[in-house]
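# Summary of the model geometry
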Amino acid sequence: MTQVYGGAGRVYPVGHEWASEPRRSPLRFAYGAAEGPKATAALIDDALRMATEAGLFDVARTTERARLTGVVAGIVADRAMVKLDGRMGIVPDALAFPGLPLERTLRIGQELTGLYDADSRWFDVRASRLTPDVALSSYAADDVVLVQVESVESDRASAFLHPLVTADLPRGAVTSNPLDDLSDLLTPGEVLLARVVSGGGDWELSLLDIDDDDEPVTAAALYPGGPPWLVPTVPDDVVEPALPAADPIKLVTFVDDAETEVDDGGASDDRAAPDSPHAAAPTRVTPSPTMFDRNRPRLRPALAPAPAPATVAAPRPGPESASTRSMSLTIASLQSEVRTARRQRDEVHAQAQGFATELEHLRTELRQVEDQVRRLTHQLEQSRAKLRKSRTTSAATGAPSFADPAREFRFLVERAWATRIPLAEQPSCPLGDYTFGPHFLRSLASLHGLAADRVADVVMEVATGKAALSAGRELHHLRTEDAGGSPQRVREDGARAWRVSLQSNTPAARRLHYWVLSDGSIELAKVGVHDDMSI
């Protein structure tokens, strides 16, 4: 699982741990030329992160690194540009805070001190980062603060107060219902409001008794003068100020060491005069690929056919001297070159206008998509908050008890089918036949951290065929070996082995293994953890 083929790329970190833990070297795929820039950027970031983790930036290389102080001039393409003393330093996220977007770490106008490498122009500012205890020193007991969910299990979760500081969230800190599954109430990566119960070295948080009108304190900054590393979600009814109109783009060309600007918009025509020296030489403009969406094909405006050059009359035979005839031919040649240069200039100008128009369309699309993502994310967080509140206030209801474990599990599967499948769809979505393998009920009884009704939900999806339609279930063959090309396991009676996810994004995520028999019925084999491939 450490090889590379089929259009994939990967970076191998320093050391040999990746040989036994392939996930240390993630695969980056490009299924077409349009995905090449995105995959390349991911590989570069992987290399920078791995070099940082290995301490390569902490070792003096071919040049001596200078300690300089500068000001953040902008953040472009996941890189912060810092104005130094007559130089420009580049800060990737690996040299600021690995794994965090630069917009949550640095801001324009912020002063930074770091080590500048003249060869690569990398500017390493990690040494000026605030320590977690200093960054969180403003938090006090009973404060409402912003946290980001780190991981979620059925009975507990954890959340980041700071990228390097986590706090445990037991079930009692999230809901008052002891039967609630926290994976229904929280999502990894979600930003929440939490109340500080106790601070200092041992942080305790609670999500209970948080009102909608509670104003959180500003989240901690990771660098002096930096932005808060977390911000609250913008509500739907908050109208953001309209973005200012983009400045017209000026495409600059250099002809004979002179600078020519081509305006991208407006009805005005800034082309050079016919007798200008700039019009005598052909120009070429190559737009930077960062001007456009890398996954979107470039559109070029159709160019009108250029008029055919006027025919130059040949000099009439006469008594003129040879030098006069030579001068006439030279003038005719120069006139032809001037017309060619003007035609090329007009083509470049038309391309610039087309690029500017497309860029404005892309900016509009980007704003619309960002607004939609922000709105849907806020709706999801609101729905989860309402669900947490309803679970907190509702009374706990349990299932009836059975002496026979098999009968009890069948009841849970039947209840899941009756609860989740609407009445109108039940005739067309029947619950298929299934049986228990010799080890299934024993593996279910020994399962910790996952309620039996969650397993019953997934069995219901398998028995109705809905698991195959859910990407989150990750339904796939259970293979004879770990390698991706190995065949599916087949039993002597012709039954084929399958595997489906019960959990995701959690340590030791659980999986359900089962056989599909030759008559189409299902035999439940066992419930195990992610790395357990037995059946």
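Rules of the game
- Residues numbered from 1 in each chain as written.
- Predicted model: local features only at pLDDT ≥ 70, side-chain atom pairs only at ≥ 80, totals over all residues.
- Heavy atoms only, no water.
- Pairing = 2+ DSSP bridges.
- Helix = DSSP H or I, 4+ residues; strand = E, 2+ residues; numbered from the N terminus.
- pLDDT = per-residue confidence, 0-100.
- Contact = heavy atoms within 4.5 Å.
- Core = buried A, V, L, I, M, F, W, Y, C linked by side-chain atoms within 4.5 Å.
- Buried < 20%, exposed > 50% of the residue type's maximum accessible area, 1.4 Å probe, protein only.
- Salt bridge = Lys/Arg side-chain N within 4 Å of Asp/Glu carboxyl O.
- Expected span 1.5 Å × (residues − 1).
- Axes fitted to C-alpha atoms, helices over the stretch in contact; angles between N-to-C directions.

### A word on the sheet that holds strand 17 (residues 496–501)
The strands that make up a sheet pair up through hydrogen bonds in the backbone, lying either parallel or antiparallel. The strand order 15-19-18-17-16 describes an open sheet built from five strands, whose pairing is mixed. With one partner strand each, in any of the chains shown, strand 15 (434–436) and strand 16 (476–477) form the two edges of the open sheet. Where strand 18 (residues 510–516) lies against strand 19 (residues 522–529), seven bridges are found, and the strand directions are antiparallel. Across the sheet, the residue bridging to His513 is Lys526, located in strand 19.

### Here we look at the confidence of the model for the protein chain
Across the protein chain, the average pLDDT comes to 79, with 79% of residues at or above 70. Every residue in residues 236–315 is under pLDDT 50, and counting partners more than four places away or in other chains gives 109 contacts. Contacts for the low-pLDDT stretch residues 393–397, under 50 throughout, to residues beyond four places or in other chains number five contacts.

### Focus on the nonpolar core
Membership of the largest hydrophobic core comes to 47 residues, with the highest contact counts inside it found for Phe123 and Leu161. Where this core is concerned, the elements lending two or more residues are strand 3 (66–76), strand 4 (79–83), strand 6 (111–116), strand 8 (144–152), strand 9 (156–162), strand 10 (165–170), helix 4 (171–174) and strand 11 (191–198). For this core, the element with the most residues is strand 8, which contributes five residues. Setting aside anything within four residues of it in sequence, one finds Phe123 in contact with Leu68, Val82, Leu84, Gly89, Ile90, Val91, Leu95, Leu112, Thr113, Gly114, Leu115 and Tyr116. Membership of the second largest hydrophobic core comes to 27 residues, among which are Ile421, Leu444, Met460 and Ile522.

### Quick word on the environment of Ala456
Inspection of the secondary structure puts Ala456 in helix 8 (residues 452–464). Discounting chain neighbours no more than four positions away, the residues touching Ala456 are Phe409, Leu412, Val413 and Ala416.

### Notes on the pattern of salt bridges
Under the defined criterion, the tally for this structure stands at 17 salt bridges. The partner of Arg511 in a salt bridge is Glu474, with the nearest N and O atoms 3.7 Å apart. Of the two residues, Arg511 sits in strand 18 while Glu474 sits in the loop between helix 8 and strand 16, which places them 37 residues apart along the sequence. Overall, the relative accessible area of 40% leaves Glu474 in the partly exposed class. One salt-bridge network, held together by shared partners, links Arg28, Asp46, Arg49 and Glu53.

### Quick notes on the pairing of strand 17
With two bridges connecting them, strand 16 and strand 17 associate as antiparallel partners. Residue pairing for strand 17: His477 is matched across the bridge by Trp498. The pairing of strand 17 with strand 18 spans six bridges and is classified as antiparallel. From the neighbouring strand, Trp498 faces strand 18, where its bridge partner is Tyr514.

### Structural notes on helix 8
The first and last C-alpha atoms of helix 8 sit 18 Å apart over 13 residues, in line with the 18 Å expected at 1.5 Å per residue. Looking at the packing, one finds that the buried side of helix 8 touches helix 6 (405–420), strand 15, helix 7 (440–445), strand 17, strand 18 and strand 19. Two residues or fewer past helix 8, Gly465 is found with a positive phi of approximately 85°.

### Focus: the sheet that holds strand 9
The sheet built from five strands is open, its strands ordered 10-9-8-11-12 with antiparallel pairing. Each having just a single partner strand, strand 10 and strand 12 (204–206) make up the two edges of the open sheet. On average, each strand axis in the sheet is tilted by 50° relative to the strand beside it, whichever way the strands run. In terms of strand pairing, strand 11 meets strand 12 through three bridges, oriented antiparallel. Within strand 12, the residue paired with Arg195 across the bridge is Ser206.

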